[in-house]
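Commentary on secondary and tertiary structure
Residue-level listing of the chains:
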Amino acid sequence: MAANDLSNVGTQDYIVSIDLGTSEIKICSAILFDDENIQIIGYGKCKTTGMNADGIVSMDKLKENISTAYNMAQNAVTRSQDERSIPQINNPRVFVSIPGRFITFRNNSGSCDLKKNPITEEDIIRANSVAKSLKIKDYELITAIPNYYQVDSSERVEDPLELSGGQLKSFLNLVYAESSFLENIKRALCCIETEYDPEFIFSGQAAAYAVASDTEKNLGVCVLDIGKSTTDITIFDKGHCVYVGSCPYGADKITQNIAVTYNLSEREAEKIKCELGFAVSNSIISGKEIRIENRAAQIKSINQGELAESIEAGYNQLILKVLTKLNEVNDSADISLGAGFVICGGAAETKCLQECVAKIFNNNGLGGYARKIRIHQVDKRMINGLTDAISPYSGSASLGLIKFSDILESHKKNRNYKGIIKVFHKIADWCGNNM
């Protein structure tokens, strides 16, 4: 299907991504074309009042938040499409991000003996089913991504179909979400009418698939999605996702420190952090005074260099917590981060953040990574339509959900295509033997 041609859009091509942030809920309606081109046809957002970092605080408010954002997106869809297109995109596939606070993961393997050769689709399904059979109390499996396979002594096989061997082993990356949280989110999605069941993805993993390049994934990369209340961590090595997790420290901690230090409301502190803040002090701002009005209607003078030092101290705490997590990961797995770190999320917009993180790495004996830090911005050349609605920094999760849907669908299509080819081969063999 050619990009921007909606005449042959199928229901599997129409995606609604719901980014459940603790600050904002963002809903993006998009058409995903076969050439991986994404056309944004609707977008809506709403301040989150029904959920915070600890979970859902009000089901009614969360339903209202989702409904408000969804109606905004749907109104944009209606305005951007003609009447002939609307019926074809009224049954979306819905992909919902799950915050890191509510997920856990396992890398698990499953094997099966091969009764006959070559390896069939059924053999792959059997091996994957064994790997997916791992249960975690109070959690539900939401995604199972095959990393690689092993056929006898042949390790890291990308696709074992049609190979010969005695045993097939699959290695899967499994992500689970808290069952109760998942059920509550399903109920909160009542405003969205669709025949498809909603699909859930860890928000940090969705963003990581959108921001990390294939080269970075192959070399090994750690993606940090810095949000309001958490920092999501996703690690790729040798092209595969090997770790997902989260640490309970986000950009709001930095905002709170500024608010307390200068007797500001959090809204005022957030505003000066975003507009006037730097993650490191430098000679240009070190002596510069900025004047602001605080919540008591008092005019305050703040040294911009001291403000930068406060922001830098906050990021120092954040990165040290991330490094503690990474040390735990490295103790249990031999992971190479040849491509270093990619940082995304709303906090990635902070001025001089790359310099700040490099400084923290150098101060902690990780100078080799100080030169391998990339701040990610959404490449809007890859999307069409309502591109201005997507933030260059915090829009990664929304686009990641759409891209992740394509990864899942491509995996299904790839398997189905190979299955069809196999059927054709069987028909050809039968014809050759019987004609």
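All figures in this text were calculated on a predicted structure; none of them were measured in a lab. (Residues numbered from 1 in each chain as written. Predicted model: local features only at pLDDT ≥ 70, side-chain atom pairs only at ≥ 80, totals over all residues. Heavy atoms only, no water.)

Overview of the pairing of strand 17 (residues 340-344)
- Among the five residues in strand 17, five count as buried, and that is most of the element.
- Strand direction decides the pairing type here: strand 12 (residues 221-226) and strand 17, joined by five bridges, are parallel. Residue V223 lies in a different strand from strand 17, and its bridge partner there is V342.
- With three bridges connecting them, strand 17 and strand 18 (residues 373-375) associate as parallel partners. For I343, the partnering residue across the bridge sits in strand 18 and is I375. (Buried < 20%, exposed > 50% of the residue type's maximum accessible area, 1.4 Å probe, protein only. Helix = DSSP H or I, 4+ residues; strand = E, 2+ residues; numbered from the N terminus. Pairing = 2+ DSSP bridges.)

Digging into the packing of aromatic side chains
- Evaluated as defined, the whole model comprises eight aromatic pairs.
- Note on F102 and F181: the rings are 3.9 Å apart at their centroids and 5° apart in plane angle, and the pair reads as stacked. Linking F102 in the loop between strand 6 (93-98) and strand 7 (103-113) with F181 in helix 3 (residues 179-188), this pair joins segments that are 79 residues apart in sequence.
- F102 sits in the buried class, given a relative accessible area of 4%.
- According to the relative accessible area criterion, F181 is buried, its value standing at 4%.
- Between Y209 and F236, the ring centres sit 5.1 Å apart and the planes meet at 90°, which makes this aromatic pair edge-to-face. Separated by 27 residues along the polypeptide, Y209 in helix 4 (residues 203-211) and F236 in strand 13 (residues 231-237) bring together distant segments of the chain.
- On the basis of relative accessibility, which here comes to 8%, the residue Y209 falls in the buried class.
- Taken together, the ring pairs in this structure connect Y209, F236 and F404 into an aromatic cluster. (Phe/Tyr/Trp six-rings, centres within 6.5 Å; stacked < 30°, edge-to-face > 60°.)

Points about the sheet that holds strand 10 (residues 167-178)
- Taken in spatial order, the four strands of this open sheet run 7-10-8-9, and their pairing is antiparallel. Each end of this open sheet is capped by a strand with a single partner; those strands are strand 7 and strand 9 (154-157). Taking each pair of neighbouring strands and ignoring which way they run, the sheet shows an average axis angle of 30°.
- By the bridge criterion, two bridges tie strand 8 (residues 139-151) to strand 9 in an arrangement that is antiparallel. In the sheet register, Y149 faces strand 9, and the bridge partner there is V157. (Axes fitted to C-alpha atoms, helices over the stretch in contact; angles between N-to-C directions.)

Describing the confidence of the model for the protein
- Within the protein, residue pLDDT values average 86, and 86% of them lie at 70 or more.
- Considering each helix and strand of the protein separately, the mean pLDDT is smallest for helix 11 (residues 396-434), with a value of 55, and largest for strand 18, with 97.
- Segment residues 1-7: pLDDT under 50, and 21 contacts once partners within four positions in sequence are set aside and those in other chains are kept.
- pLDDT under 50 marks residues 413-435. Its contacts with residues more than four places away, or in other chains, come to eleven contacts. (pLDDT = per-residue confidence, 0-100. Contact = heavy atoms within 4.5 Å.)

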